[in-house]
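The chain contents come next:
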Amino acid sequence: MRAQARQYADAVDSQNTTDPEANTWLNQSLAQLWGKLTKLDAQRFMVTSTLTPNDALEYDLADATVFAPTAEDFMSIVGVDWMHSGGRFPLEPFAIGDREVGSLRTLAVGPVYGLTSSAARYAIRRQGVDGAATRLAFDVAPPAGTYEMHYIQAPPELTSDLDRFDGVAGFEEWAILRVAILIAQREQSDISALTMLWRDAEAEVAALGSARDVGRNKAPAKVWRRDRGGRRGMWPYR
């Protein structure tokens, strides 16, 4: 990818931009591309980790013996499910402003099965400089059992010339062209043609980045509601 960027910028033999500098720009560009693709399709880089809670309210993502994802691997959370009696029960998130609201209520997590539990809700807290302070938190001790945390992986950092980034549909071209523009600017070259190519790549990412299930039409999602009694059920829809 670095070589392609130099070719685009007509700077194959130039050392105005060193390889380490080009590598830094490339990793930054791939991180931006990762964010764009995540916004278009949150499940593209989603992975699932299993947690067995021990009555604590916070869990350290850096400790692989307690929780699988490491701090460096975590970007953002998608959701947390309680796996119980063969069923999957999504937990609700809570914000810092409503951390005490309803924390003592009882919630019917599965009206059909008659399962009840304390209303544990989840949040992602802190980060720190290197991500090591990131925590999965609950407002009350979660019920015993197994939990699945679905989260978006952090963008990778290429550290070797043998490392590769799979852009699937050529999406990596967006990052390569961005680096080519930066190199060309360092060379004080005209970047207008590169900018046009980059905008074309941007349009391709926007058009195809979310089109991974093209065989069926979009359908209404099954969502949850909460009534005044603090119970939840499937929202009826037609």
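Nothing here was measured: the structure is a model prediction, and the numbers come from that model. (Residues numbered from 1 in each chain as written. Predicted model: local features only at pLDDT ≥ 70, side-chain atom pairs only at ≥ 80, totals over all residues. Heavy atoms only, no water.)

> Mind showing me how you'd approach the overall build of the protein here?
Counting its secondary structure elements, the protein contains four helices and 11 strands. Per-residue burial over the protein gives 38% buried out of 238 residues. Accessible area of the protein: about 14,200 Å², with a carbon and sulfur share of 50%. (Helix = DSSP H or I, 4+ residues; strand = E, 2+ residues; numbered from the N terminus. Buried < 20%, exposed > 50% of the residue type's maximum accessible area, 1.4 Å probe, protein only. Areas by Shrake-Rupley, 256 points an atom, 1.4 Å probe, with all protein chains shown as cover.)

> I would appreciate a short explanation of the packing of aromatic side chains in the present structure.
The geometry of an aromatic ring pair comes down to the distance between the two centres and the angle between the two planes. Throughout the structure, instances matching the rule amount to eight aromatic pairs. Judged by centre distance (6.0 Å) and plane angle (80°), the rings of Tyr59 and Phe138 are edge-to-face. Here Phe138 lies in strand 8 (residues 135–138) and Tyr59 lies in strand 2 (residues 58–60), a separation of 79 residues in the sequence. The exposure class assigned to Tyr59 is buried, which follows from its relative accessible area of 2%. (Phe/Tyr/Trp six-rings, centres within 6.5 Å; stacked < 30°, edge-to-face > 60°.)

> Just to check I follow, could you spell out the pairing of strand 3 (residues 74–84) for this structure?
Taken residue by residue, a regular strand's side chains alternate between the two faces of the sheet. Relative to strand 9 (residues 146–153), strand 3 is paired through eight bridges, and the arrangement is antiparallel. Residue pairing across strands places Ile77 opposite Tyr151, the latter belonging to strand 9. In this structure, strand 3 lies alongside strand 4 (residues 87–90), joined through four bridges in antiparallel fashion. Across the sheet, residue His84 finds its bridge partner in strand 4, namely Gly87. The antiparallel pairing of strand 3 with strand 4 creates a hairpin that spans two residues between the two strands, and Ser85 there sits at a positive phi of about 50°. (Pairing = 2+ DSSP bridges.)

> How do you make sense of helix 3 (residues 172–186) when you look at a structure like this?
Helical periodicity: at 3.6 residues per turn, an α-helix aligns residues three or four positions apart in one direction. Spanning 15 residues, helix 3 covers 22 Å between terminal C-alpha atoms, matching the ideal 21 Å at 1.5 Å per step. Of all the positions in helix 3, only Trp174, Ala175, Ile176, Leu177, Arg178, Val179, Ala180, Ile181, Ile183 and Ala184 are classed as buried. Those residues of helix 3 that are buried lie in contact with helix 1 (2–8), helix 2 (19–40) and helix 4 (192–208). At the C-terminal side of helix 3, Gln188 shows a positive phi close to 60°. (Expected span 1.5 Å × (residues − 1). Contact = heavy atoms within 4.5 Å.)

> Any chance you could explain the layout of surface pockets here in plain terms?
Regions of empty space are outlined by a rolling probe, equal in size to a water molecule, passed over the atoms. There is about 260 Å³ of room inside the largest pocket. Taken together, 13 residues make up the lining of the largest pocket; nearest its centre are Leu26, Leu158, Ser160, Asp161 and Asp163. No other element matches the three residues that helix 2 contributes to the lining of the largest pocket. Residues belonging to the lining of the largest pocket are distributed by class as follows: five nonpolar, four polar and four charged. (1 Å grid on protein atoms, 1.4 Å probe; cavity = no way out; pocket = protein on both sides within 12 Å on 5 of 7 lines; lining within 4 Å. Points joined across faces, edges and corners; volume = space filled by probe spheres on them. Nonpolar A, V, L, I, M, F, W, Y, C, P; charged D, E, K, R; others polar.)

> Teacher, can you tell me more about the environment of Ile96 here?
Relative to the elements of secondary structure, Ile96 occurs in the loop between strand 4 and strand 5 (106–110). Overall, Ile96 belongs to the exposed group, its relative accessible area being 59%. Residues Ile96 and Ala123, spaced 27 residues apart in sequence, show a C-alpha to C-alpha distance of 8.5 Å.

> Could you clarify how one ought to interpret the sheet that holds strand 7 (residues 122–125) in this entry?
Strands sit in the order 2-8-7 across an open sheet of three strands; the sheet is antiparallel. Edge positions in the open sheet fall to strand 2 and strand 7, since each of these has one partner strand only. Taking the axes of each pair of neighbouring strands and ignoring which way they run, one obtains an average angle of 25° across the sheet. (Axes fitted to C-alpha atoms, helices over the stretch in contact; angles between N-to-C directions.)

> Could you clarify how one ought to interpret the packing of helix 2 against helix 3 in this entry?
Two elements in contact, helix 2 and helix 3, have axes whose closest approach is 8 Å; the angle formed by their N-to-C orientations is 140°. Between helix 2 and helix 3, the interaxial angle falls into the category oblique. Considering how the two elements wind past one another, helix 2 and helix 3 form a crossing that is right-handed. Facing Glu21, Ala22, Trp25, Leu26, Ser29, Leu30, Gln32, Leu33 and Lys36 of helix 2, the residues of helix 3 in contact are Glu172, Trp174, Ala175, Arg178, Val179, Leu182, Ile183 and Arg186. Tallied by class, the residues present in the contact of helix 2 with helix 3 amount to 10 nonpolar, two polar and five charged. (Parallel < 35°, antiparallel > 145°, perpendicular 65-115°, else oblique. Left-handed = near helix turned anticlockwise from the far one by under 90°.)

> Explain the side chain of Arg135 here, please?
Mapping Arg135 onto the fold places it in strand 8. Here Asp60 takes part through its side chain, which lies 3.3 Å from a polar atom of the side chain of Arg135. Excluding residues that lie within four positions of it along the chain, Arg135 makes contacts with Glu58, Tyr59, Asp60, Leu61, Ala123, Ile124, Arg125 and Arg126. (Polar contact = N/O pair within 3.5 Å; in protein donor to acceptor, adjacent residues only side chain to side chain.)

> Explain the sheet that holds strand 9 here, please?
To summarise the sheet geometry, strands pair through backbone hydrogen bonds and adopt either a parallel or an antiparallel arrangement. Reading across from one edge, 1-9-3-4 is the order of the four strands in this open sheet, with antiparallel pairing throughout. Bordering the open sheet on either side are strand 1 (46–51) and strand 4, each of which pairs with just one other strand. Averaged over neighbouring strand pairs, the angle between their axes works out to 30° when direction is ignored.

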